[in-house]
2 protein chains.
Amino acid sequence: MSTAIFYHAGCPVCMGAEQMLLSSLNQDKFPLDIVHLGEQPQRISDAESAGVKSVPALVLEGQVFHINFGAALADLKS
Amino acid sequence: MSTAIFYHAGCPVCMGAEQMLLSSLNQDKFPLDIVHLGEQPQRISDAESAGVKSVPALVLEGQVFHINFGAALADLKS
């Protein structure tokens, strides 16, 4: 079983991408783990290690896909 | 039945996104229409009308999701 991690920060751009993923992703194959980095800043370093530069972003089997642009990761640290 | 249109231009960034979509999208619900704008420049205006600014991009039920960044649409016209 593969896992898809969706990193977001609660912004409207992120919410749109989240709805898209929830409705379209084959969750039997890729159960979606949704991480709100504003509420879980302790997971920012995981996101960075995975190669995430901005949110919303989807990490699927280790590959990062930045979807549109909501916020830079650096802005979530302050 | 909804349709998902994936616009790309044959670049490596696009190919990565295409593989991700093919493997993860629930195609029973969203059959994927793949459009290579380098080979089908006559469809660039459709893409622009849908709000696509760069490829790769996914248009799902009228909403545009730009995935990573391969090429600006303007560069595909020349």
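Everything discussed here concerns the structure shown above.
All figures in this text were calculated on a predicted structure; none of them were measured in a lab. (Residues numbered from 1 in each chain as written. Chains lettered and ligands numbered in written order. Predicted model: local features only at pLDDT ≥ 70, side-chain atom pairs only at ≥ 80, totals over all residues. Heavy atoms only, no water.)

Peer 1: Would you mind going over the pairing of strand E4 (residues 63–72) of chain B with me for this structure?
Peer 2: Two faces, one strand: in a regular strand the side chains alternate between the faces of the sheet. Residues and elements named next belong to chain B. Bridge count for strand E3 (residues 54–60) against E4 is six bridges, and the pairing is antiparallel. Its bridge partner being in E4, alanine 57 is matched across the sheet by histidine 66. As consecutive antiparallel partners, E3 and E4 are separated by two residues, and within that stretch glutamate 61 has a phi angle of approximately 50°, a positive value. (Pairing = 2+ DSSP bridges. Helix = DSSP H or I, 4+ residues; strand = E, 2+ residues; numbered from the N terminus.)

Peer 1: Mind showing me how you'd approach the interface of chain A and chain B here?
Peer 2: How big an interface is tends to be expressed through the accessible area that disappears when the partners come together. At the junction of the two partners, chain A supplies 17 residues and chain B supplies 17 residues. Summed over both sides, the interface of chain A with chain B buries roughly 1300 Å², with 57% coming from carbon and sulfur. Here chain A and chain B share zero salt bridges between them. At the junction of chain A with chain B, the criterion picks out eight residue pairs in polar contact (both at pLDDT 80 or more). (Contact = heavy atoms within 4.5 Å. Buried area = accessible area lost by both parts, 1.4 Å probe. Salt bridge = Lys/Arg side-chain N within 4 Å of Asp/Glu carboxyl O. Polar contact = N/O pair within 3.5 Å; in protein donor to acceptor, adjacent residues only side chain to side chain.)

Peer 1: Explain unusual backbone geometry to me, please; I cannot follow it from the model alone.
Peer 2: Phi is mostly negative for residues that are not glycine, and the peptide bonds are mostly trans. Here the residue pair valine 55 of chain A and proline 56 of chain A is connected by a cis peptide bond, since its omega of 0° sits within 30 degrees of zero. By the secondary structure assignment, proline 56 of chain A is in strand E3 (residues 54–60). Unusually for a residue other than glycine, asparagine 68 of chain B sits at a positive phi of about 50°. Here asparagine 68 of chain B is to be found in strand E4.

Peer 1: Would you mind going over the environment of proline 41 of chain A with me for this structure?
Peer 2: Residue and element names in this part refer to chain A. Inspection of the secondary structure puts proline 41 in the loop between strand E2 (32–36) and helix H2 (44–50). A residue is classified by how much of its surface remains accessible, and proline 41, at 46% relative accessible area, is partly exposed. Between the alpha carbons of proline 41 and lysine 77 there is a distance of 7.4 Å; along the sequence they are 36 residues apart. (Buried < 20%, exposed > 50% of the residue type's maximum accessible area, 1.4 Å probe, protein only.)

Peer 1: What exactly am I supposed to notice about the relation of the copies chain A and chain B here?
Peer 2: Mapping between the two copies of the chain is achieved by a rotation about an axis and a shift along the axis. Of the transformation placing chain A onto chain B, the axial shift is 0.0 Å and the rotation is 180°, giving an RMSD of 0.0 Å. Put plainly, the chains are arranged around a two-fold axis. Both copies present the same face, since 100% of the interface residues in chain A are matched by interface residues at the equivalent positions in chain B. (Least-squares fit on C-alpha atoms with pLDDT ≥ 70 in both.)

Peer 1: In this structure, what is going on with helix H1 (residues 12–24) of chain B? I would like to understand it.
Peer 2: Residue pairs three or four apart in sequence face the same way in an α-helix, which turns once every 3.6 residues. In this model H1 of chain B runs 18 Å from its N-terminal to its C-terminal C-alpha over 13 residues, within 8% of the 18 Å that 1.5 Å per residue would give. Taken as a whole, H1 of chain B has its buried residues at Cys14, Gly16, Ala17, Glu18, Met20, Leu21 and Ser24 of chain B. (Expected span 1.5 Å × (residues − 1).)

Peer 1: Would you mind going over the pattern of salt bridges with me for this structure?
Peer 2: Opposite charge on two side chains permits them to pair, given that their charged atoms come into close proximity. All names here are of chain B. Tallied over the full model, the rule gives four salt bridges over all chains. Among the ionic pairs, arginine 43 bridges to aspartate 33, the shortest N-O distance being 3.5 Å. One end of the pair, arginine 43, is in the loop between strand E2 (32–36) and helix H2 (44–50); the other, aspartate 33, is in strand E2, and ten residues separate them in sequence. Judged by its relative accessible area of 27%, aspartate 33 is partly exposed. In this structure, lysine 77 and glutamate 48 form a salt bridge, with 2.6 Å as the shortest nitrogen-oxygen distance. Here the residue lysine 77 occupies a position in the segment after E4, and glutamate 48 occupies one in helix H2, the gap between them amounting to 29 residues. Its relative accessible area of 51% is what places lysine 77 among the exposed residues.

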